Amino acid sequence: MKKNSRYGLAYLTLAFLVLVLLAVNICAGSVGIPFSEVLKVFGGQGTDEVYADIILQIRFPRAVAAAVLGGGLALSGYLLQTFFHNPIAGPFILGISSGAKLVVALVMVMALGRAVQVSSLAMIAAAFIGAMISMGFVLLMSRVMDQMSMLIVSGVMIGYICSAITDFVVTFAEDADIVNLHNWSKGSFSGISWDNVGMLSAVIFAALLCVFLLSKPISAYQMGEAYAQNMGLNIRRFRVLLVLLSSVLSACVTAFAGPVSFVGIAVPHLVKSLFRTARPILMIPGCFLGGAAFCLFCDLLARVVFAPTELSISTVTAVFGAPVVIFIMVRKRRERS
């Protein structure tokens, strides 16, 4: 009963944080909007048209996208940590986000250069291809290298290579619209429309459902591959599913917000500390809510701290996520010694 009460309280805390941060993200910004005006807009009452446009066309879709994409990114990190049995594995560290960013940037540059509008589905497909290419390199390196630390280093190097190529493409683009890709390449939730929100929500929630249905196989896999095989789990097929789902989640985030760092690493560990358990059936929804709250908080700081200048979302997530990674590495070192 005590455990169930703790789990329920943890879920309520995360859900409360998401709702509060969602409201604050709508109200706060370079133009402050009273909460009473927000209630009038959502209540269908008469209000200032400028406020209504800012809320319904700019801040609300951006806040919803930050919550959904943040949850998807945290879930992707959780799957990769399960796959590699490594606490610091994540889509950004392993170069998966950078690979997705590279292919999306190439597609957008070619499309904008020919005055072609790129659909949301095409962006997700391009990001997924890039994510799978990077994941393929990481998996090849995992067969060559026995030490997981060297695998992480190789993933970081892949990420740097992809980022360097992306920066080269964006820097030497001549068209003004293409030059604006520089902000996206650094990570940002700005400019997301309701059409984008509908597409990314459909993809991420479908992936979330698939991951939740895999909670029992994930629990068996965490006990060791031999134990999972004895329980009747097809290890090869299960690992393929983990790779595909983690790539879809990270690709969707990168397609709309660019690369967002450290969320996929830090949030699963923060949620695990909050719940004091590693059970997948509890961790999966917990990671999603935790990632949503984390990204809403970071996006709020990115918009407000130096308003009207906006920081890249990766800058803020790195400030809060990097110390968590350092703490994890120090704790693992102490456990070994």
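Preceding block: the structure.
Rules used throughout
- Residues numbered from 1 in each chain as written.
- Predicted model: local features only at pLDDT ≥ 70, side-chain atom pairs only at ≥ 80, totals over all residues.
- Heavy atoms only, no water.
- Helix = DSSP H or I, 4+ residues; strand = E, 2+ residues; numbered from the N terminus.
- Rg over C-alpha atoms; globule rule 2.2 N^0.38 Å.
- Contact = heavy atoms within 4.5 Å.
- Areas by Shrake-Rupley, 256 points an atom, 1.4 Å probe, with all protein chains shown as cover.
- Lys, Arg positive; Asp, Glu negative; His and termini not counted.
- Charge placed at Lys NZ, Arg CZ, Asp CG, Glu CD.
- Salt bridge = Lys/Arg side-chain N within 4 Å of Asp/Glu carboxyl O.
- Buried < 20%, exposed > 50% of the residue type's maximum accessible area, 1.4 Å probe, protein only.
- Phe/Tyr/Trp six-rings, centres within 6.5 Å; stacked < 30°, edge-to-face > 60°.
- Lys NZ or Arg CZ within 6 Å of the ring centre and 35° of its normal.
- Axes fitted to C-alpha atoms, helices over the stretch in contact; angles between N-to-C directions.
- Parallel < 35°, antiparallel > 145°, perpendicular 65-115°, else oblique.
- Left-handed = near helix turned anticlockwise from the far one by under 90°.
- Nonpolar A, V, L, I, M, F, W, Y, C, P; charged D, E, K, R; others polar.
- Polar contact = N/O pair within 3.5 Å; in protein donor to acceptor, adjacent residues only side chain to side chain.

Caption draft 1: Expanded view of the overall build of the protein. Looking only at helices and strands, one finds 15 helices and 0 strands in the protein. Whereas a compact globule of 337 residues would reach a radius of gyration of roughly 20 Å, the protein reaches 20 Å, a difference of no more than 12%. Expressed as lengths along the three principal axes of its C-alpha atoms, the size of the protein is roughly 65 × 55 × 35 Å. Taking all contacts inside the protein whose residues are at least 6 apart in sequence as the whole, residues at least 24 apart take part in 75%. If you sum the accessible surface of the protein, you get close to 16400 Å²; carbon and sulfur atoms cover 66% of it. Side-chain charges of the protein comprise 23 positive and 14 negative groups, with the mean position of each set lying 21 Å from the other.

Caption draft 2: View of the pattern of salt bridges. All chains considered together, the criterion is met by 4 salt bridges. One salt bridge in this structure joins Asp-299 and Arg-62, with 2.8 Å as the shortest N-O distance. One end of the pair, Asp-299, is in helix α14 (residues 280-304); the other, Arg-62, is in helix α3 (residues 49-84), and 237 residues separate them in sequence. The same class applies to Asp-299 as to Arg-62, namely buried. Put simply, Arg-239 and Glu-225 hold a salt bridge, and the shortest N to O gap is 3.3 Å. Placement of Arg-239 in helix α12 (residues 235-257) and of Glu-225 in helix α11 (residues 225-230) is noted, with a sequence separation of 14 residues between them. In the salt-bridge network here, residues are joined through shared partners; they are Arg-62, Asp-299 and Glu-310.

Caption draft 3: Molecular detail of the side chain of His-269. Take His-269: it is sitting in helix α13 (residues 263-275). With near-sequence residues (within four places) excluded, His-269 lies in contact with Gln-81, Pro-87 and Ile-328.

Caption draft 4: Expanded view of the packing of aromatic side chains. Considering all chains together, one arrives at 9 aromatic pairs under this definition. Each ring, one from Tyr-221 and one from Phe-238, has its centre 5.1 Å from the other, and the planes form 50°; the classification is tilted. In this pair, Tyr-221 is assigned in helix α10 (residues 215-222) and Phe-238 in helix α12, connecting sequence segments 17 residues apart. Take Tyr-221: its relative accessible area is 0%, and that puts it in the buried class. Feature note: the residues Tyr-7, Tyr-11 and Phe-275 constitute an aromatic cluster, connected by ring pairs. Between the NZ or CZ atom of Arg-239 and the centre of the ring of Phe-83, over which it lies, the distance is 4.4 Å.

Caption draft 5: Seen up close, the packing of helix α9 (residues 194-213) against α14. It is at 10 Å that the axes of α9 and α14 come closest, and there the two elements cross at 160°. Viewed along their axes, α9 and α14 adopt a mutual orientation that is roughly antiparallel. Once α9 is placed against α14, the crossing between them reads as right-handed. Along its contact with α9, which presents Ile-204, Phe-205, Leu-208, Val-211 and Phe-212, the element α14 presents Ile-281, Ile-284, Pro-285 and Phe-288. Taken together, the residues that form the contact of α9 with α14 break down as 9 nonpolar, no polar and no charged.

Caption draft 6: Region of interest: the side chain of Ser-215. With respect to the helices, strands and loops of the structure, Ser-215 is situated in helix α10. The class of Ser-215 is buried, set by a relative accessible area of 8%. For Ser-215, the side chain forms a polar contact with the main-chain oxygen of Phe-212, separated by 3.0 Å. Once residues within four sequence positions are removed from consideration, Ser-215 is found in contact with Pro-280, Ile-281 and Ile-284.

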